[in-house]
Amino acid sequence: MERILHDLRLSETLSPFGVGAIVDVLGESLIAPDTSWWDRKSAPEISCERLLSRLGAGVLRQAPAHSGRAAKGTPHLLYWRFPAWRFCERCTKLSQFSGKNKGRFTNSCECGGTLVPMRYVAVCRKGSHIQDVPWFKWAHRGNDGSASDAVRFCRAYKELKFVRSSQLGEGLGSLRIQCTGCDRSRPLSELVGSESLHREGIRCEGVQPWEDSKPGQVCEHHLVAVQRGATGNYIADRLSALDIPEERPRSARTMDLIRGHVYFEKVVADNGGPQAELVAGWIADEIEGVSSEDVLALAAGGEDSEENPLLDLKDAEWAAFLHKLESGRDHGAGDFVVDGWRVSSTSDLHSALTSRLFGVGQVRRVREVRALRGFRRHDADADFISADLGPDRRRKPVYPAVETFGEGIFLRFDEEQMSEWEVLPEVRARADILAHRRDASPWAQRLDAPEPRYVALHTISHLLIRRLAFASGYASAALQERIYAHSDRPDRTAGIFIYTASGDAQGTLGGLVRLGAPNTILPLLLAALSDADVCSSDPVCIESDRQGSSQLNLSACHGCALVSETSCETGNRLLDRQLVLGGTNVPGFLDHVLGQVRRRMDP
């Protein structure tokens, strides 16, 4: 087979050209096989214990890479040709075969024309499988009167053509598969129905294109014909973690103090009796910030309470950021360097903002590791396909990963102000609109719960990313976000982290760190709020309560709050300007900030 050489960035081996993804390269349509096809010797291992503990057993490996000119023995990634069916752009002949040149297969027809991949493939509705449309079989089926026995038993396998003619109709009706052996012609408009392939007896093979068919393996789900480049053909499941020193959240440290108290065993032994309540009160008096109810609740957990589950990635990151903010200037070295400073609430021009902003961290260096767990196809509720389908997929799977280094800005908001605002009935009612829609959609339940603080801080993050793209020198798509906004955790979180992480020098330019300085970040945040105060789509946008994918945005559109989908944790969902800047009947978390600034600037 004639080799196709093409260069990729390391980050592209996770997205958009990761395991299971279809990609067009140099006129060819290719698909990336799972990591069992990788040459492990040329795929370096990446270390990130925090991420591995979340993934479970396995190994993180970077795709084989090299620098300089490609040679015969250069490490490379294998991509599988898919779909196999192609047509000649000159003679329109349709086949699964390639031309030959000096004994090697080439991507050209016998007439000399270039072979073009067919635009439609068959995807399993729930099994996440994908395969070629059996064009010869499909072309000779159908329920119309022309599908005679002579047509059904036609053996002219090399006489298919892909005919395009405006005289045959509009749209897909003008695209037809024609067999010159039996004069059978069938339009693609009969292919795209939801049950078209199932009616023709075309079944799912139950494997990925690079896998061998397994005898006796049957997939019970139906196939549907979709365009080769449709975004729903590949729904990647990626996970990223910041490589930070593990910090135990304050609630976990408090529980350790309670368990270590000399009287705690008596509370457990009494099992909720009167003595337990008395002793729990003694323990609460000796440990600051602990109530007797906390002691009794921990004791009621019995032996299960002694074994803490693995800390959530964001919980540990939040605790690490708080530790850095309390330390001030960071003179350390390593992959997590943060200069923290406390925002003072003063009576100057920014007092309305500083009263709600607690602290800022200038993250001078951070290491992020991203991994691809696997993917789904066609439906977010479809079966999950692991990134490793080889013999070691259960014992020690290999996950594609890439490590990146960058910088960023961390903003911590005042918890007291946030708690007072989010309990307001109007605020709760506004956020509940998104909560009900999220609960009604099975795939959307994978998103974070849209409680008021999450929607507000998520929207603030997007507004700031749009402003930082102008001031930092980074492209908007190069900026990432991590939202820490949960009130149902043992340690409540209210903060955002905007950072850039790149495998090359772009992630270390210093453009974000300098903007995190006290005299810079506050004006930038005010400018971001001012940009979003009026949208080019207002009043339609600000009065809307159903925008975006699955209507999971309220007052947010491309004119005011949306950013690159690769920059957003939730793919541009769960956004609302009203919860930030306020609306007719909704008080925003920062709705008085712009008003105060404008009043003081008026002569």
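No experiment lies behind these values; they were computed from the predicted model shown.

Thresholds, definitions, all that
- Residues numbered from 1 in each chain as written.
- Predicted model: local features only at pLDDT ≥ 70, side-chain atom pairs only at ≥ 80, totals over all residues.
- Heavy atoms only, no water.
- Helix = DSSP H or I, 4+ residues; strand = E, 2+ residues; numbered from the N terminus.
- Contact = heavy atoms within 4.5 Å.
- Areas by Shrake-Rupley, 256 points an atom, 1.4 Å probe, with all protein chains shown as cover.
- Pairing = 2+ DSSP bridges.
- Axes fitted to C-alpha atoms, helices over the stretch in contact; angles between N-to-C directions.
- Core = buried A, V, L, I, M, F, W, Y, C linked by side-chain atoms within 4.5 Å.
- Buried < 20%, exposed > 50% of the residue type's maximum accessible area, 1.4 Å probe, protein only.
- Polar contact = N/O pair within 3.5 Å; in protein donor to acceptor, adjacent residues only side chain to side chain.
- Phe/Tyr/Trp six-rings, centres within 6.5 Å; stacked < 30°, edge-to-face > 60°.
- Lys NZ or Arg CZ within 6 Å of the ring centre and 35° of its normal.
- Salt bridge = Lys/Arg side-chain N within 4 Å of Asp/Glu carboxyl O.
- pLDDT = per-residue confidence, 0-100.
- Expected span 1.5 Å × (residues − 1).
- Patch = residues over 30% accessible without salt bridge, like charges linked within 9 Å, V, L, I, M, F, W, Y side chains within 5 Å.
- Left-handed = near helix turned anticlockwise from the far one by under 90°.
- Nonpolar A, V, L, I, M, F, W, Y, C, P; charged D, E, K, R; others polar.
- Parallel < 35°, antiparallel > 145°, perpendicular 65-115°, else oblique.

> What is the right way to read the overall build of the protein from this model?
From N to C terminus, the protein includes 16 helices and 22 strands. Sequence separation of at least 24 residues holds for 69% of the intrachain contacts in the protein that already meet a minimum separation of 6. In the form shown here, the protein has an accessible surface area of approximately 28,900 Å², with 48% of it arising from carbon and sulfur atoms.

> Sorry, what's going on with the sheet that holds strand E12 (residues 160-164) here?
Note on sheets: strands pair through backbone hydrogen bonds, and any given pair is parallel or antiparallel. Read across the sheet, three strands follow the order E12-E13-E14 without closing on themselves; strand pairing throughout is antiparallel. Edge positions in the sheet fall to E12 and strand E14 (184-187), since each of these pairs with one other strand and no more. Averaged over all pairs of adjacent strands, the angle between strand axes in this sheet comes to 25°, irrespective of strand direction.

> What's the story with the nonpolar core in this structure? I'm lost.
In globular proteins that are soluble, nonpolar side chains generally tend to be buried together. Formed by 65 residues in total, the largest nonpolar core has its most connected members in Leu411, Leu457, Ile460 and Leu468. Beyond its immediate stretch of four places on either side in the chain, Leu411 contacts Leu357, Gly359, Val360, Leu464, Ala494, Gly495, Ile496 and Ile521. Formed by 27 residues, the second largest nonpolar core is a distinct cluster that contains Ala122, Ala139, Leu188 and Cys219.

> Can you walk me through the environment of Thr520 in this structure?
Residue position: Thr520 is located in helix H14 (residues 518-533). Residue Thr520 is classed as partly exposed on the basis of its relative accessible area, which comes to 22%. Filtering out sequence-adjacent residues up to four positions away, Thr520 remains in contact with Arg514 and Leu515. Here the side chain of Thr520 touches Asn519 through a polar contact of 3.2 Å, side chain to side chain.

> Would you take a moment to explain the packing of aromatic side chains for this structure?
The geometry of an aromatic ring pair comes down to the distance between the two centres and the angle between the two planes. For the coordinates displayed, the defined rule picks out 15 aromatic pairs. Ring plane angle 15° and centroid distance 4.8 Å describe the contact between Phe497 and Tyr499, whose orientation is recorded as stacked. Taking the relative accessible area as the measure of exposure, Tyr499 reaches 1% and is therefore buried. Above the face of the Tyr484 ring, Lys314 is positioned so that its terminal group lies 6.0 Å from the ring centre.

> Is there a simple way to explain the pattern of salt bridges in this structure?
Here the structure, examined in full by the defined rule, presents 28 salt bridges. As a salt-bridge pair, Arg367 and Asp243 come within 2.6 Å of each other at their nearest N and O atoms. Separated by 124 residues along the polypeptide, Arg367 in strand E18 (residues 357-376) and Asp243 in the loop between strand E16 (235-242) and helix H5 (250-259) bring together distant segments of the chain. Between Arg482 and Glu317 there is a salt bridge, with its nearest N and O atoms 2.9 Å apart. Taken together, the residues Arg482 in strand E21 (residues 479-486) and Glu317 in helix H9 (residues 313-327) connect sequence positions 165 residues apart. A single burial state applies to Arg482 and to Glu317, both of which are buried.

> Help me understand the sheet that holds strand E10 (residues 120-124) in this model?
Ordered by their spatial adjacency, three strands build an open sheet running E11-E10-E15, and the pairing between neighbours is antiparallel. Whereas interior strands pair on both sides, the edge strands pair on one side only; in this sheet they are strand E11 (130-131) and strand E15 (223-227). Bridge count for E10 against E11 is two bridges, and the pairing is antiparallel. The residue of E11 that forms the bridge with Ala122 is Gln131.

> Honestly, the confidence of the model for the protein in this entry has me stumped. Any pointers?
Low-pLDDT portions of the prediction should not be read for the details of their coordinates. For the protein, the mean per-residue pLDDT works out to 83, and 87% of the residues sit at or above 70. Looking at the elements of the protein, mean pLDDT is at its lowest for strand E7 (residues 99-101), recorded as 63, and at its highest for helix H13 (residues 452-471), recorded as 94. In the predicted structure, residues 302-311 sits below a pLDDT of 50 and forms 12 contacts with residues beyond four places in sequence or in another chain.

> Would you take a moment to explain H14 for this structure?
Quick reminder: α-helices carry 3.6 residues per turn. Residues three or four places apart thus point the same way. Compared with an ideal rise of 1.5 Å per residue, which puts 16 residues at 22 Å, H14 spans 23 Å between its outermost C-alpha atoms and is within 8% of the ideal. For H14, every residue scored as buried is listed here: Ile521, Leu522, Leu524, Leu525, Leu526, Ala528, Leu529 and Ala532.

> Honestly, a nonpolar patch on the surface in this entry has me stumped. Any pointers?
Among the surface-exposed residues, Trp37, Leu78 and Trp80 lie close enough to one another that they form a single nonpolar patch of about 280 Å² accessible area. Mapped onto the fold, Leu78 is located in the loop between strand E3 (59-61) and strand E4 (80-81). On the basis of relative accessible area, Leu78 is assigned to the partly exposed category, the value being 39%.

> Help me out: how do you make sense of unusual backbone geometry in this one?
Most peptide bonds adopt trans geometry, and most residues besides glycine take a negative phi value. Cis peptide bonds are those with omega within 30 degrees of zero, and the linkage from Phe82 to Pro83 qualifies with 0°. Structurally, Pro83 can be placed in the loop between E4 and strand E5 (86-88). Cis rather than trans, the peptide bond between Asp538 and Pro539 has omega equal to 5°. Its place among the elements puts Pro539 in the loop between H14 and helix H15 (578-581). With a phi angle near 60°, Ser128 is a residue other than glycine that sits in the positive phi range. At Gln551, a position not held by glycine, the phi torsion is positive, near 55°. Note that Gln551 resides in the loop between H14 and H15. Taking the relative accessible area as the measure of exposure, Gln551 reaches 34% and is therefore partly exposed.

> Looking at this structure, I do not really get H13. What am I missing?
In a regular helix each residue adds 1.5 Å, so 20 residues correspond to 28 Å; H13 covers 29 Å between its end C-alpha atoms and thus fits that length. Within H13, 15 of the 20 residues are buried, leaving the element largely enclosed by the surrounding structure.

> It is not clear to me how the pairing of strand E17 (residues 336-342) should be interpreted in this structure. Could you clarify?
Each regular strand shows side chains that alternate between the opposite faces of the sheet. Counting buried positions along E17 yields six of seven residues, so the element is predominantly enclosed. Here seven bridges tie E17 to E18, and the two strands are oriented antiparallel to one another. Residue pairing across strands places Asp339 opposite Gln362, the latter belonging to E18.

> Where do I start with the packing of helix H11 (residues 415-422) against H13 in this structure?
As a packed pair, H11 and H13 sit with axes 10 Å apart at the nearest point and diverge in direction by 120°. H11 and H13 meet at a crossing whose hand is right-handed. Contact residues: Glu415, Met418, Ser419, Trp421 and Glu422 in H11; Pro452, Arg453, Ala456 and Leu457 in H13. Along the lines of polarity and charge, the residues of the contact of H11 with H13 split into five nonpolar, one polar and three charged.

> Explain the packing of H13 against H14 to me, please; I cannot follow it from the model alone.
When two helices pack together, their arrangement is given by the angle between the helix axes and by the axis-to-axis distance. In contact at an axis separation of 9 Å, H13 and H14 are set at 110° when each is read in the N-to-C sense. By the angle between their axes, H13 is roughly perpendicular relative to H14. Touching Ile460, Leu463, Leu464, Arg467, Leu468 and Ala471 of H13 are Leu524, Leu525, Ala527, Ala528, Leu529, Asp531 and Ala532, all from H14. Residue composition of the contact of H13 with H14, by class: 11 nonpolar, no polar and two charged.

> Before we go on, may I ask you to explain the pairing of E14 in this structure?
Where strand E13 (residues 175-179) meets E14, four bridges bridge the pair, whose relative direction is antiparallel. Residue Ile177 lies in a different strand from E14, and its bridge partner there is Arg186. Where E13 folds back on E14, the antiparallel hairpin that results is connected by four residues, among which Asp183 adopts a positive phi of roughly 60°.

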